[in-house]
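Examining the three-dimensional arrangement
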Protein chains: 2
Amino acid sequence: MTLRIGLAGLGTVGASVFRLLGEKVAHNAARCGREIRVTGVCARDRARDRGIDLSGVTWHDDPVALAASDDIDVFVELIGGEGDPAAAAVRTALSSGKSVVTANKALLAASGVELARLAEARGVTIGYEAAVAGGIPIIKTLREAVAGNRVSRVFGILNGTCNYILTRMEKEGITFEDCLADAQRLGYAEADPTFDIEGNDSAHKLAILAALAFGTEIDTDAIHLEGITAITLEDLETAAELGYRIKLLGVARLTDTGVEQRVTPTMVPKSLAMAGVEGVLNAVAVDGDEIDEIMLVGPGAGDRATASAVVGDILDLARGGNPPPVLGIPAKTLGEAKRARMRAHEGGYYIRLAVYDRPGAFASIATRMAEQSISLESIVQKGQRDPDDPENNVRRVVLITHETTEAQIRAALESILSDGQIVGRPQMIRIEKP
Amino acid sequence: MTLRIGLAGLGTVGASVFRLLGEKVAHNAARCGREIRVTGVCARDRARDRGIDLSGVTWHDDPVALAASDDIDVFVELIGGEGDPAAAAVRTALSSGKSVVTANKALLAASGVELARLAEARGVTIGYEAAVAGGIPIIKTLREAVAGNRVSRVFGILNGTCNYILTRMEKEGITFEDCLADAQRLGYAEADPTFDIEGNDSAHKLAILAALAFGTEIDTDAIHLEGITAITLEDLETAAELGYRIKLLGVARLTDTGVEQRVTPTMVPKSLAMAGVEGVLNAVAVDGDEIDEIMLVGPGAGDRATASAVVGDILDLARGGNPPPVLGIPAKTLGEAKRARMRAHEGGYYIRLAVYDRPGAFASIATRMAEQSISLESIVQKGQRDPDDPENNVRRVVLITHETTEAQIRAALESILSDGQIVGRPQMIRIEKP
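Fair warning: this is a prediction, and the values are worked out from it, not measured in the lab.

The next subject is the overall build of chain A. Secondary structure summary: chain A contains 14 helices and 17 strands in total. Its C-alpha atoms give chain A a radius of gyration of 24 Å, near enough to 22 Å, the size a compact globule of 434 residues would have. Along the first, second and third principal axes, the C-alpha set of chain A runs to 80 × 45 × 35 Å. Split into buried and exposed, the 434 residues of chain A put 56% on the buried side. Taking the intrachain contacts of chain A between residues at least 6 apart in sequence as the baseline, contacts between residues at least 24 apart amount to 75%.

Residues and elements named next belong to chain A. Counting through the fold element by element, L233 comes out in helix 11 (residues 233-241). Spatially, the C-alpha atom of L233 lies 6.6 Å from that of T175, the residues being 58 residues apart in sequence. Leave out the neighbours within four places in its chain, and L233 touches M169, G173 and T175.

Take the pairing of strand 1 (residues 3-8) of chain B next. Residue and element names in this part refer to chain B. Burial analysis of strand 1 places five of its six residues in the buried class, the great majority of the element. In this sheet, strand 4 (residues 74-77) lies alongside strand 1 in parallel orientation, the contact comprising four bridges. Directly across from L7, in strand 4, lies its bridge partner V76.

Attention shifts here to the sheet that holds strand 6 (residues 126-127) of chain A. Residues and elements named next belong to chain A. Read from one edge to the other, the open sheet built from six strands follows the order 3-2-1-4-5-6, with strand pairing classed as parallel. This sheet does not close on itself; its edge strands, each paired only once, are strand 3 (58-60) and strand 6. Along the sheet, helix 12 (residues 303-319) makes contact with strand 1 (3-8), strand 2 (36-42), strand 4 (74-77), strand 5 (99-102) and strand 6, crossing strand 5 at roughly 165°.

Turning our eyes to something else, we now look at the interface of chain A and chain B. Taken together, the contact between chain A and chain B spans 48 residues of the former and 48 residues of the latter. Those elements giving two or more residues to the side of chain A that touches chain B turn out to be helix 2 (25-32), helix 6 (138-145), strand 12 (292-299) and helix 12 of chain A. The sheet contact formed by strand 12 of chain A and strand 12 (residues 292-299) of chain B spans three bridges and is antiparallel. Along strand 12 of chain B, the bridge assignment pairs A:M295 with B:V297.

By a widely used convention, the size of an interface equals the accessible area lost when the partners come together. Residue and element names in this part refer to chain A. Each assigned domain of chain A is listed here: domain 1 (3-135 + 305-333), domain 2 (139-299) and domain 3 (342-431). Computed over C-alpha atoms, the centres of domain 1 and domain 2 are 27 Å apart. Each side of the interface is counted separately: domain 1 has 18 residues, and domain 2 has 22 residues. If one sorts the elements of the side of domain 1 that touches domain 2 by residue count, helix 5 (residues 105-121) sits on top with six residues.

Time to look at the environment of B:R185. When you line up the elements, B:R185 lands in helix 8 (residues 176-185). Sequence-wise, B:R185 and B:I416 are 231 residues apart; in three dimensions their C-alpha atoms are separated by 42 Å.

Looking at chain A, the pLDDT average stands at 94 and 98% of residues meet or exceed 70. Scoring the predicted complex yields pTM 0.95 and, for the interface, ipTM 0.94.

By a simple turn and slide, chain A fits onto chain B: the slide is 0.0 Å along the axis, the RMSD is 0.0 Å, and the turn is 180°. The two molecules are tied by a two-fold rotation axis, judged by turn and shift. Within chain A, the C-alpha atom positioned nearest to the axis of rotation is that of A:G321, 1.7 Å from it. A symmetric contact is evident, with 100% of the interface residues of chain A recurring at the interface of chain B.

The nonpolar side chains of a soluble globular protein tend to be buried, and buried together. A:V17, A:L209 and B:V17 are the most contacted members of the largest nonpolar core, which totals 302 residues. Setting aside residues up to four positions removed in sequence, A:V17 forms contacts with A:L7, A:V76, A:L78, A:A307, A:V310 and A:V311.

What follows deals with helix 10 (residues 200-214) of chain A. Residues and elements named next belong to chain A. When the terminal C-alpha atoms of helix 10 are compared, their 21 Å separation across 15 residues agrees well with the 21 Å that a helix rising 1.5 Å per residue should span. By the criterion of burial, helix 10 is predominantly enclosed, with 14 of the 15 residues buried. One or two steps after helix 10, the chain reaches G215, where phi turns positive at roughly 70°.

Residue and element names in this part refer to chain A. Tracing the sequence through the fold places D235 in helix 11. When the C-alpha atoms of D235 and S415 are compared, they prove to be 23 Å apart, with 180 residues separating the residues in sequence. Not counting residues up to four positions away in its chain, the partners in contact with D235 are I246, R352, Q427 and I429.

Another point: the packing of helix 1 (residues 12-23) of chain B against helix 12 (residues 303-319) of chain B. All names here are of chain B. Contact geometry of helix 1 with helix 12 gives a least axis separation of 8 Å together with a crossing angle of 60°. On the basis of the axis angle, helix 1 is oblique to helix 12. Considering how the two elements wind past one another, helix 1 and helix 12 form a crossing that is right-handed. Between helix 1 and helix 12, the residues in contact are T12, V13, S16, V17, L20 and L21 and D303, R304, T306, A307, V310 and V311, respectively. Here the contact of helix 1 with helix 12 is built from residues that sort into seven nonpolar, three polar and two charged.

Residue and element names in this part refer to chain A. Because side chains alternate across strand 4, one face comprises the buried residues V74 and V76, and the other comprises F75 and E77, equally buried. Pairing analysis gives four bridges linking strand 4 to strand 5, with the strands arranged parallel. Residue pairing in the sheet places E77 in a bridge with T102 of strand 5. Crossover connection from strand 4 via helix 4 (residues 86-95) to parallel strand 5: handedness right-handed.

Okay, the sheet that holds strand 3 (residues 58-60) of chain B next. The strand order 3-2-1-4-5-6 (chain B) describes an open sheet built from six strands, whose pairing is parallel. Two strands in the sheet have a free side with no partner beyond their single neighbour: strand 3 and strand 6 (126-127) of chain B.

All of the buried residues along helix 11 (residues 233-241) of chain B are B:D235, B:L236, B:T238 and B:A239. Note on helix 11 of chain B: the residue one or two positions beyond its end, B:G243, has a positive phi of about 95°.

All right, on to unusual backbone geometry then. Residue and element names in this part refer to chain A. Omega for the peptide link from D84 to P85 comes to 10°, which places this bond in the cis form. Relative to the helices and strands, P85 is located in the loop between strand 4 and helix 4. Of note in the backbone geometry, S373 takes a positive phi value of approximately 60° without being a glycine. Turning to its location among the elements, S373 is positioned in the loop between helix 13 (361-371) and strand 14 (376-382). Owing to 10 C-beta atoms within 10 Å, S373 belongs among the exposed residues under this scheme.

Moving on: the packing of helix 5 (residues 105-122) of chain B against helix 10 (residues 200-214) of chain B. All names here are of chain B. As a packed pair, helix 5 and helix 10 sit with axes 8 Å apart at the nearest point and diverge in direction by 50°. In terms of their interaxial angle, helix 5 and helix 10 are classed as oblique. Considering only the axes of helix 5 and helix 10, their crossing is left-handed. Here K105, A106, L108, A109 and G112 of helix 5 lie close against helix 10, whose contacting residues are H204, K205, A207, I208 and A211. Partitioned by chemical class, the residues of the contact of helix 5 with helix 10 number six nonpolar, two polar and two charged.

Thresholds applied
- Residue positions are given per chain, counting from 1 as you read along its sequence in written order.
- As they are written, the chains are lettered A onward and the ligands numbered 1 onward, keeping that order.
- Restriction of local features to residues with pLDDT of at least 70 applies here, the model being predicted, together with a cutoff of 80 or more for giving and counting side-chain atom pairs; totals for whole chains, interfaces and linings are based on all residues.
- Here a helix means four or more residues in a row that DSSP labels H or I, a strand means two or more in a row labelled E, and each is numbered from the N terminus.
- Radius of gyration here is computed from C-alpha atoms only, and the compact-globule reference equals 2.2 Å multiplied by the residue count raised to the power 0.38.
- Residue burial is a threshold on neighbouring C-beta atoms within 10 Å of the residue's own C-beta, all placed from the backbone, with 20 or more meaning buried, 12 or fewer meaning exposed, and counts in between meaning partly exposed.
- By definition, residues are in contact whenever their C-beta atoms, placed on the basis of the backbone, come within 7 Å of each other.
- Strand pairing requires that DSSP identify at least two bridges connecting the strands.
- Helix axes are fitted only over the stretch in contact, all axes being lines through C-alpha atoms; the angle between N-to-C directions runs from 0 to 180 degrees.
- In this entry, domain limits derive from an automatic or database-based domain assignment.
- The pLDDT score gives, residue by residue, the confidence of the prediction method on a 0 to 100 scale.
- Least-squares superposition of the copies uses the C-alpha atoms of those residues scoring a pLDDT of at least 70 in each of them.
- Remark: nonpolar core denotes a set of buried Ala, Val, Leu, Ile, Met, Phe, Trp, Tyr and Cys residues whose joining runs through C-beta atoms within 7 Å.
- Expected span of a helix: the number of residues minus one, times 1.5 Å.
- Every angle not falling under 35 degrees, over 145, or within 65 to 115 is termed oblique; those three ranges are roughly parallel, roughly antiparallel and roughly perpendicular.
- A crossing counts as left-handed when the near helix is turned anticlockwise from the far one by less than a right angle, and as right-handed when that turn is clockwise.
- Asp, Glu, Lys and Arg are counted as charged, while Ala, Val, Leu, Ile, Met, Phe, Trp, Tyr, Cys and Pro are counted as nonpolar; the rest, among them Gly, fall into the polar class.
- Consider the strands pointing away from the viewer: the crossover is right-handed when the path from the first strand over the helix to the second runs clockwise.

Right, here's the structure in full:
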């Protein structure tokens, strides 16, 4: 029995899925026991040349109509966006008893629990390996391979654009603006890069991973978000001198007070393998009570890697049987996502300050840290005094703290700010523990 | 409906599986839709204290009897060894229509294809995630997640003992013998470490991965095997100076003339993430036509990580449905494993020679390389001339070649040996391409 696929969205990923399924009919049939054929497609522009042969395939103008069609068994949604028509089409497919495969992280971050409930009520499922970290099989790993573990942390480099920019800044000493322009020229960044560089894209992926890891509802709004635009070459250089790399990490951690979720520039010790993940690659690590830690590295985006993940999900569906619950445990049993407050975050911090070079300035800073019981692991003073302008000298000072809480570090930095011994605002970057 | 497990072998892994299943009944049921219970066990010594409560569980003295029992649904084989009783018990379980979960790489390397055929004839399956790289889900990744890819290479660090030894030798300058003694003291190496350090353990795992990656029969005998005992501190140090780390890699590659399989000490460029995988960790990378390359890193051994993989397989079976073929494609359709000859291997080489310090010695070596059209990327001369003993001076010379073939490098080294300008045999280490 052929498995009939309805494919909505024929952008670069959709066209790759179409090509891959068409070229590898026998290859795939050997692996899932049946033929897989795209029988219906839908996209906005029928006339556009996508380099694929759509003859013999039913064209639909409306993805909802394709999703509702009796001529398909599985609906593949590659339209994107958290709203309609993607959302309406996915709901229609699930409601009509069809499993869905999607790469749409925005839709899942916004409506994943509702869609999972709908799927499970209808006895179908949603495959979304392609929605998180592209070609890296992190969904299958969390949902199946390490399902016997209690997960305590899932974290990773979830955005290739940001990792490309930070890697080039560090390796080549090129400014953020120039790296971003190169990333746009190479197709690694959108014309409007806000969504990538401010961390929203990583946040969508992290919210899905956190739900799957901890058995809680998806809570995208709970994510503490900081992008990479404030990271300077000096930060990267100083971090490197101190044995760290700066990565935009998404981190979800189970704490005593709830789930902490954050997407922030983070200091990663060079001794961790994740520090060595460079360029557009993504990486995701999982800490579990039995496995300690495993890490997966690979292409987080790109049409072929994403298509590979979509096809992997289709092969699972083609084999049939009883898939795992969409979010690891039945959606109706997902726990409420109890948020840990960022103020309760515990860890070391990198603090960069521009300090007036005058008597007592540094002593007042050290005192403010001590008042909050923050102890310092290292202090690095950068730059030379200017003998021609002694009154206006400002020295860069970088502090690495021992473990403390976010509440303490924020209190200390507020006091330092109000003391008037520094210029501008302090830079603060969290250090991720191994 | 409870899934009833028969667990044969109660060593450290078996006891961990028993404990994990017992402690996490509700956790696991939420993930697979039913209860999982160990109902029968079997081990050699009933009296031994394993720190687990076996009350309410049927004890068997004979694993074959447990495998045949009607009181279990799935047979978990953690006895080990390629022969009986493990082999007989697995055959019995499959023949009686029970799926098997095993961590037994030796058994699969020796009889995997036969067992896969038996399983598929009976409509059952074999889960063996724990047999290759412990807690790293490489079987699931190859068999399911990247099943839509044509794989061109699978390679990795498959033995934690060897990686521990090589890492400590390089980082701390400790000799092979001292590192091995420490590994034995810490429980990372057996009292008789031959199987690990000569590469046999890695070979078993590689043979399974190669079959799965390329859709060919398991061909353990085809693996070109070199252990790590000949690697010196000087090799590690020189490699590091030249930008490489030396790892015991298992590499299976599809070439124009067949499948090349080798387990050898290998120079890995430091720029590759795999070079940074240290200590007892394992890592496996897969090159596919759609994903380019993904890499998985994690604990390759240890009772909890191995138990986690066993439980992952049990959860898959508990969900039911139609598992993928044991070796990725139906066992009866596996291709014959056409061996690529090692002489046809193409790549760069590290060559270390002890050269007499006399006129013409180095010229003759360079001439022999040139005769085989081998060009050199770098030449490093180590050590100082001894002015007190000019006649017996020997200088260490390390050559890094550009890409050539194994046939050419072997011919050149044979000529160099017969010229009598070097002491002892040359050291030759292959360089792995990114």
